[in-house]
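Results of the structural survey
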Amino acid sequence: MDTIIELFSYDFFVNAFMASLLAAISCGIVGTYIVSRRIVFISGGITHASFGGIGMGYYLGINPLFGAGIFAILSGMGIQLFSSKGKVREDSSIAIWWSLGMAIGIIFVYLTPGYAPNLLSYLFGSILTVSTGEIWLMLALAIVIILFFTLFYRTILYISFDEDFARTSNLPVNLFNYLLMILISLTIVLNIRVVGIILILSLLTIPQATANVLTREFGRMMVYSVGFAFLASFIGLLISYFADIPSGATIIFTQVVLFGLVKLIKMLSSSRK
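The structure contained in this document is the topic of the report that follows.

Residues other than glycine seldom take positive phi values, yet Asn170 does so here, at roughly 60°. As for its position among the elements, Asn170 is in the loop between helix 10 (163-168) and helix 11 (173-190). Classification of Asn170 by relative accessible area gives exposed; the value is 70%. A positive phi angle is found at Asp244, which is not glycine, with a value near 55°. With respect to the helices, strands and loops of the structure, Asp244 is situated in the loop between helix 15 (218-243) and helix 16 (247-272).

Take a look at the structure:
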């Protein structure tokens, strides 16, 4: 216990702790919408398409996260536009943007002179190297997400479970679809450093699946998802530090173990009743 307390005297560990907390908030809330709306595959498309922005960022000499953010938002808008206006099947639209982003990213990384030293941290995550500047960006995003979901809770709830009813109720469904797509894109990009492009989708789905074992209510599911995401992220962070293994993979592995434990406890509790 003393060793864990001592870790908080190091700036890098404090940043990692804050990153795990803020990632849990943003991914817990946004992930609940993604799972309830059943658009996990869309989120996967945006996640992999953002690699194009990372590659362009390296090539242009700018922050790769800035490039990833722009590319992720454009990809999210493109998927939405192709599906609603371009009469392209949603799965085909996702595949197009997914493939385009990955292809552009690989091309620009190849064209970049020298070696891209931080590329693996974007692919697989490196929570122990999250900077203070990235923490502030994650905090700003978490605040925006909390305010947005608090102010427009009922509208988001209607769109999540019955979009047709929301449209007949004259709610601005298209506007909210685009706004939520932007929030999804930013959530993905700003949490890439925590678990990486390869695993970020897990942070948006596994805590929600765990929460869904205990509740079906949208609001409670968001709260539980945040709690489970933070618990698993912090435990995974500690394990990865002491065992000297990749942090992103350890966090996701811990998420899966936690899901299994909650599911088992729920089954045992139901069988006793």
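Okay, a nonpolar patch on the surface next. A cluster of nonpolar residues, Tyr59, Leu60, Ile62, Phe66, Ile70, Leu74, Ile107, Tyr110 and Leu111, forms a patch on the protein surface that exposes about 960 Å² of accessible area. Breaking the nonpolar patch down by element, the ones donating at least two residues are helix 4 (51-60), helix 5 (64-84) and helix 6 (90-111). When you line up the elements, Leu60 lands in helix 4.

Moving on, we come to the packing of helix 2 (residues 11-37) against helix 15. One can describe the packing of helix 2 onto helix 15 by two numbers: an axis separation of 8 Å at closest approach and a directional angle of 145°. The way helix 2 lies across helix 15 gives a crossing that is right-handed. Of the residues in the contact of helix 2 with helix 15, the class split is 20 nonpolar, six polar and no charged.

For the rest of this paragraph, the subject is the packing of aromatic side chains. This model, assessed by the stated rule, comprises twelve aromatic pairs. Each ring, one from Phe17 and one from Phe234, has its centre 5.4 Å from the other, and the planes form 85°; the classification is edge-to-face. On the criterion of sequence distance, the pair formed by Phe17 in helix 2 and Phe234 in helix 15 is long-range, its members being 217 residues apart. Note on Phe148 and Phe149: the rings are 6.1 Å apart at their centroids and 70° apart in plane angle, and the pair reads as edge-to-face. Of the two residues examined, Phe148 and Phe149, each falls in the buried class. Following the ring pairs from residue to residue traces out a cluster consisting of Phe148, Phe149, Phe152 and Phe176.

Criteria and thresholds
- Residues numbered from 1 in each chain as written.
- Predicted model: local features only at pLDDT ≥ 70, side-chain atom pairs only at ≥ 80, totals over all residues.
- Heavy atoms only, no water.
- Helix = DSSP H or I, 4+ residues; strand = E, 2+ residues; numbered from the N terminus.
- Buried < 20%, exposed > 50% of the residue type's maximum accessible area, 1.4 Å probe, protein only.
- Patch = residues over 30% accessible without salt bridge, like charges linked within 9 Å, V, L, I, M, F, W, Y side chains within 5 Å.
- Areas by Shrake-Rupley, 256 points an atom, 1.4 Å probe, with all protein chains shown as cover.
- Salt bridge = Lys/Arg side-chain N within 4 Å of Asp/Glu carboxyl O.
- Axes fitted to C-alpha atoms, helices over the stretch in contact; angles between N-to-C directions.
- Left-handed = near helix turned anticlockwise from the far one by under 90°.
- Nonpolar A, V, L, I, M, F, W, Y, C, P; charged D, E, K, R; others polar.
- Phe/Tyr/Trp six-rings, centres within 6.5 Å; stacked < 30°, edge-to-face > 60°.

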